[in-house]
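# Commentary on secondary and tertiary structure
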Amino acid sequence: MEVISSQRPERTTYGLNKPTAAYFPQPGSKLYADKKLYEKIASSEKKLIQTHWIMPRSAIAAEVPAKSVFRIRTPKGPQVGDLNIWNRHNSREKFWAARTRQLHSAHVSKFDRLWSNLPYLRPMVTIIGDTLNARHDEWGGRVHDTLGTRCDPYVEKLISGEDNDFHCHSNLIRAVMPYGLTEFDIHDVLNVFQVTGLDEYDQYFMETCPSDKGDYFECFAEQDLLVALSACPGGDLSQWDWGEQKDDVDSKGMVQCCRPLVIEIYQLNDPETILKDWDPPKTPNYGGNHGLRQP
Ligand SMILES: [Zn+2]
């Protein structure tokens, strides 16, 4: 099949030096978590305080208090989840996928943080568990993706001409409405359990979700949070095709590969001891006013 792309698959040698990561992944960097502290949090004793099941093609929102832990699981097998995160007290502060991608990597795993947007720019969570362990496959696919975003009914309408109310964008809207949020609060997601990459044409690809019944992705809440998670209608993505070729979405087998997700929220049994060296994340103290002056 002919590929339409502005990008060429072959490389040209210009005799350049090998570039290095732009955002300072060196020991002691302020961007990175203190591994010892977060190992301690991950292995500490905890009490399960809430369990939420997210049924196929739906989403839920849940409040996660600062200093607690939430675990996202695939209890019935492979299923990708689209995650949004807000400051519980200020929905203008929310997860910023693009900056997180620059500061850490385009796919995230243990000890990476999910950062908030401007003018806040502080960790919303630190990742403390990933049973898929930064998986990297032969096609360059990696897991827990910040490259892509949520599926939405507008792009489907554009491509297939159909109206579909169960895309992650819509699922997330329904889930956050009881918290006073609207469609305009939904933002670019972390695609949990989703394997993606860029191919030789620099085009985004997705592979079948590899998670198993015991797999989980776990985060420490750095702030009081509202989290919303959608069980993507693409399911495990093995049959992904909103397609230009096929007609009816439900006949494509995508429904059969949709499974539930679970969010569990845990409290630390002894937060005083475990979090002795933890400080609530602060907004960088930028003292300027973007060059604006009072008249
Ligand atoms: Zn989706």
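Rules behind the numbers
- Residues numbered from 1 in each chain as written.
- Predicted model: local features only at pLDDT ≥ 70, side-chain atom pairs only at ≥ 80, totals over all residues.
- Buried ≥ 20, exposed ≤ 12 C-beta atoms within 10 Å, placed from the backbone.
- Helix = DSSP H or I, 4+ residues; strand = E, 2+ residues; numbered from the N terminus.
- Pairing = 2+ DSSP bridges.
- Axes fitted to C-alpha atoms, helices over the stretch in contact; angles between N-to-C directions.
- Contact = placed C-beta atoms within 7 Å.
- Core = buried A, V, L, I, M, F, W, Y, C linked by C-beta atoms within 7 Å.

In the annotation of an unreviewed UniProt entry, the chain is listed under the name DUF1989 domain-containing protein and assigned to Zygosaccharomyces mellis.

This next bit is on the pairing of strand S11 (residues 216-221). In summary, the side chains of a regular strand alternate between the two faces of the sheet. Within S11, five of the six residues are buried, leaving the element largely enclosed by the surrounding structure. Where strand S3 (residues 69-73) lies against S11, five bridges are found, and the strand directions are antiparallel. Paired with Arg71 across the two strands is Glu218, which belongs to S11.

Here we come to the sheet that holds strand S1 (residues 46-54). Judged by pairing direction, the sheet is antiparallel, and its six strands sit side by side in the order S1-S13-S3-S11-S7-S6 without closing on themselves. Edge strands, defined here as strands with exactly one partner in the open sheet, are S1 and strand S6 (113-115). The average undirected angle you get between the axes of adjacent strands in this sheet is 25 degrees. One ladder, built from five bridges, connects strand S7 (residues 123-130) with S11; its direction is antiparallel. Residue pairing for S11: Gly129 is matched across the bridge by Glu218. Sitting on the sheet, helix H1 (residues 35-43) is in contact with S7 and S11, with an inclination near 65 degrees to S7.

Ile85, Val227, Ala228 and Leu229 are the most contacted members of the largest nonpolar core, which totals 58 residues. Sorting elements by how many residues they give to this core places strand S12 (residues 225-231) first, with six residues. Dropping the residues within four chain positions of it, Leu229 is found in contact with Ile54, Ala59, Ile60, Ile72, Gly81, Leu83, Leu261 and Ile263.

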